[in-house]
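Results of the structural survey
Next come the chains, spelled out residue by residue.
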Protein chains: 2
Amino acid sequence: MTRRVGLTTERLTRAGAELADEVGFDQVTVSALARRFDVKVASLYSHVKNSQDLKTRIALLALEEMADRAAAALAGRAGKDALTAFANVYRDYAREHPGRYAAAQLRLDPETAAASAGVRHAQMTRAILRGYDLTEPDQTHAVRMLGSVFHGYVSLELGGGFSHSAPDSQESWSRTLDALDALLRNWPAPPNTPTTPTG
Amino acid sequence: MTRRVGLTTERLTRAGAELADEVGFDQVTVSALARRFDVKVASLYSHVKNSQDLKTRIALLALEEMADRAAAALAGRAGKDALTAFANVYRDYAREHPGRYAAAQLRLDPETAAASAGVRHAQMTRAILRGYDLTEPDQTHAVRMLGSVFHGYVSLELGGGFSHSAPDSQESWSRTLDALDALLRNWPAPPNTPTTPTG
DNA sequence: CCGAGTTGCCTAAAAGCATTAGGCAAATGC
DNA sequence: GCATTTGCCTAATGCTTTTAGGCAACTCGG
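Residues numbered from 1 in each chain as written. Chains lettered and ligands numbered in written order. Predicted model: local features only at pLDDT ≥ 70, side-chain atom pairs only at ≥ 80, totals over all residues. Heavy atoms only, no water.

As annotated in an unreviewed UniProt entry, chain A carries the name TetR/AcrR family transcriptional regulator and is attributed to Streptomyces ochraceiscleroticus.

See the structure below:
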């Protein structure tokens, strides 16, 4: 007597993402997932290649979800409005789905990364800068800096770095976005290089 | 016939840090460490409580090392000079010791964190801001933002996020520091709140 | 509606890591 | 020189990962 549960790569990935949010991404294990479906561990190996494969799929799912949310948030917005909306997508997603967010940080091999929704993120960040007056290569520098701030802030906040101390994190987040907006509106020129005297 | 190797919590922690730098922090395992000392696994348990304890010790070591470097870098510097020196300590440390840097990201329980060198980091970041004209609560916001940028940038760079694309990462890093300096010299006032009409 | 083939989950087994209990030899101290 | 402590060991358990091979239950052509 055999009982077919209806396992699928899809379903496993989704369940893995939920599991990650509940117990943390590094606690996502093939065994735990099998338990969740009340199925023997070996059964999962018909649907995912191995543990690494499972984790990669969860990461890709998270990247997709974030990119979708970001795209929706950016629609019809520009300037600071767009910047804020975009940034909040990251922060909100990380708070709603800490495990998925952690998954999205997984180091993907170059091909996988290139085929992931990660590139959409980069394009959207660049799109935000259309509302400001930046040209290459400053635009790229700014893209990288924005990504760093968003990721860094969210990651430190999630790690508890800003809790238990005043002022509360929401306030710092708002002021950080204010500061970034001001910075982008007034992006500094490169400082003097010794080879190009100004006097 | 027994052979005493001279295991110590100290030595295990140090070797664990080296191992982390070589194979990645998440590959640091009690077994691997035992192998490295050519000793049976159980022997380590007289010196570290468990795997978690070992990892925490490595994290604390990394935090100490970074704080020491930062303190040395800050001595005799102020303003942008201090900002740059401090930031470079992080980036350089992460590049020299990726495993240790990853360890430093480990989520510590509040008591451990409070007793760690992490608080020195926060104090030093605040010290940098003495060279700029910020008062509370903006100083705290700026501290958090700086921490976010440094951590975010280094972490994305280490993950390969900025490789294989122009301009090179060093350039973006320099320009990011320029931008942060400009921002701190010109930190924006909070925007109008609807409850305080300006007209 | 029924037999052939495919699919889906299973049992079994090997290997690695974490952790604990208890032993014995070597170092230490009086 | 003997008692004690210390330091590493053997042994054992339990969990996770992964592969190989089996059997029941669906599916589909006749």
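Time to look at the relation of the copies chain B and chain A. Relating one copy of the chain to the other requires a rotation about an axis plus a shift along that axis. Once turned by 180° and shifted 0.0 Å along the axis, chain B lies on chain A with an RMSD of 0.0 Å. On this basis, the relationship between the two copies can be described by a two-fold rotation axis. Relative to the rotation axis, the C-alpha of B:Gly152 is the closest in chain B, positioned 1.9 Å from it. (Least-squares fit on C-alpha atoms with pLDDT ≥ 70 in both.)

Of all residues adjacent to DNA strand C, which total 22 residues, the nearest are A:Gly6, A:Ser43, B:Thr29, B:Arg35 and B:Ser51. What you see for DNA strand C is that sugar and phosphate hold 68% of its atoms within 4 Å of the protein. A distance of 3.1 Å is found between a base nitrogen of DNA strand C and a side-chain nitrogen or oxygen belonging to B:Arg4. Contact distances for DNA strand C include 3.0 Å between a phosphate oxygen and a backbone N or O atom of B:Val30. Of all the secondary structure elements, the ones that give two or more residues to the surface near DNA strand C are helix H3 (41–44) of chain A together with helix H2 (30–37) and helix H3 (41–44) of chain B. (Near = heavy atom within 4 Å. Polar contact = N/O pair within 3.5 Å; in protein donor to acceptor, adjacent residues only side chain to side chain. Helix = DSSP H or I, 4+ residues; strand = E, 2+ residues; numbered from the N terminus.)

All names here are of chain B. Assignment of secondary structure puts His-121 in helix H8 (residues 118–128). Overall, His-121 belongs to the buried group, its relative accessible area being 7%. Not counting residues within four places of it along the chain, the set of residues in contact with His-121 comprises Leu-63, Met-66, Ala-67, Phe-86 and Tyr-90. (Buried < 20%, exposed > 50% of the residue type's maximum accessible area, 1.4 Å probe, protein only. Contact = heavy atoms within 4.5 Å.)

Take the interface of chain B and chain A next. Counting residues at the interface gives 39 residues for chain B and 38 residues for chain A. Summing the contributions of chain B and of chain A, the shared interface buries around 2900 Å²; its carbon and sulfur component is 62%. Of all residues in chain B, B:His141, B:Arg144 and B:Arg175 bury the most surface against chain A, accounting for 25% of the area lost on that side. The interface formed by chain B and chain A contains two salt bridges. Where B:Asp138 meets A:Arg175, a salt bridge forms, and the shortest distance between an N and an O atom there is 3.0 Å. Linking chain B to chain A there are 18 residue pairs in polar contact (both at pLDDT 80 or more). (Buried area = accessible area lost by both parts, 1.4 Å probe. Salt bridge = Lys/Arg side-chain N within 4 Å of Asp/Glu carboxyl O.)

This paragraph deals with the protein's contact with DNA strand D. In the vicinity of DNA strand D, 22 residues are found, and the nearest of them are A:Thr29, A:Arg35, A:Ser51, B:Gly6 and B:Ser43. Near the protein, meaning within 4 Å, the atoms of DNA strand D are sugar or phosphate in a fraction of 65%, with bases accounting for the rest. Where the surface near DNA strand D is concerned, the elements lending two or more residues are helix H2 (30–37) and H3 of chain A together with H3 of chain B. Ranked by the residues each element gives to the surface near DNA strand D, the list is headed by H2(A), at three residues. Tallied by class, the residues present in the surface near DNA strand D amount to nine nonpolar, eight polar and five charged. (Nonpolar A, V, L, I, M, F, W, Y, C, P; charged D, E, K, R; others polar.)

This part takes up the UniProt feature "DNA-binding region" (unreviewed entry) in chain A. According to UniProt, the "DNA-binding region" (unreviewed entry) feature falls on residues 29–48 of chain A. Between the first and last C-alpha atoms of residues 29–48 of chain A the distance is 12 Å; the span itself is 60% helix and 0% strand. (UniProt positions renumbered as here; feature names shortened; annotations may be inferred.)

In an α-helix there are 3.6 residues to a turn, and that puts residues three or four apart on one side. Residue and element names in this part refer to chain A. Every buried residue of H2 is accounted for by Val-30, Ala-32, Leu-33, Ala-34 and Phe-37. Tucked into the core, H2 has its buried residues touching helix H1 (9–23), H3 and helix H4 (51–74). Once H2 ends, the next one or two residues include Asp-38, with phi positive near 55°.

With that settled, consider the pattern of salt bridges. Inspection of the entire model under this criterion finds 34 salt bridges over all chains. Between A:Arg91 and A:Glu157 there is a salt bridge, with its nearest N and O atoms 2.4 Å apart. In this pair, A:Arg91 is assigned in helix H5 (residues 79–96) and A:Glu157 in helix H9 (residues 138–158), connecting sequence segments 66 residues apart. Look at A:Glu157 and you get buried, because its relative accessible area is 14%. Ionic pairing is found between B:Glu22 and B:Arg36, a salt bridge with its closest N-O pair at 2.4 Å. Of the two residues, B:Glu22 sits in helix H1 (residues 9–23) while B:Arg36 sits in helix H2, which places them 14 residues apart along the sequence.

A word on the side chain of A:Arg175. Tracing the chain through its elements places A:Arg175 in helix H10 (residues 169–185). For A:Arg175, the side chain forms a polar contact with the side chain of B:Asp138, separated by 3.0 Å. When residues no more than four places from it in sequence are discounted, the contact partners of A:Arg175 are B:Asp138, B:His141, B:Trp187, B:Pro188, B:Ala189 and B:Pro190.

Another aspect to go through is unusual backbone geometry. Glycine aside, the phi torsion of most residues is negative, and most peptide linkages are trans. Cis rather than trans, the peptide bond between A:Ala166 and A:Pro167 has omega equal to -10°. For A:Pro167, the location among the structural elements is in the loop between H9 and H10. B:Glu136 connects to B:Pro137 through a cis peptide bond whose omega is 0°. Its location among the elements puts B:Pro137 in the loop between H8 and helix H9 (138–158). At A:His164, a residue that is not glycine, the phi angle is positive and equals roughly 60°. Within the element layout of this structure, A:His164 appears in the loop between H9 and H10.

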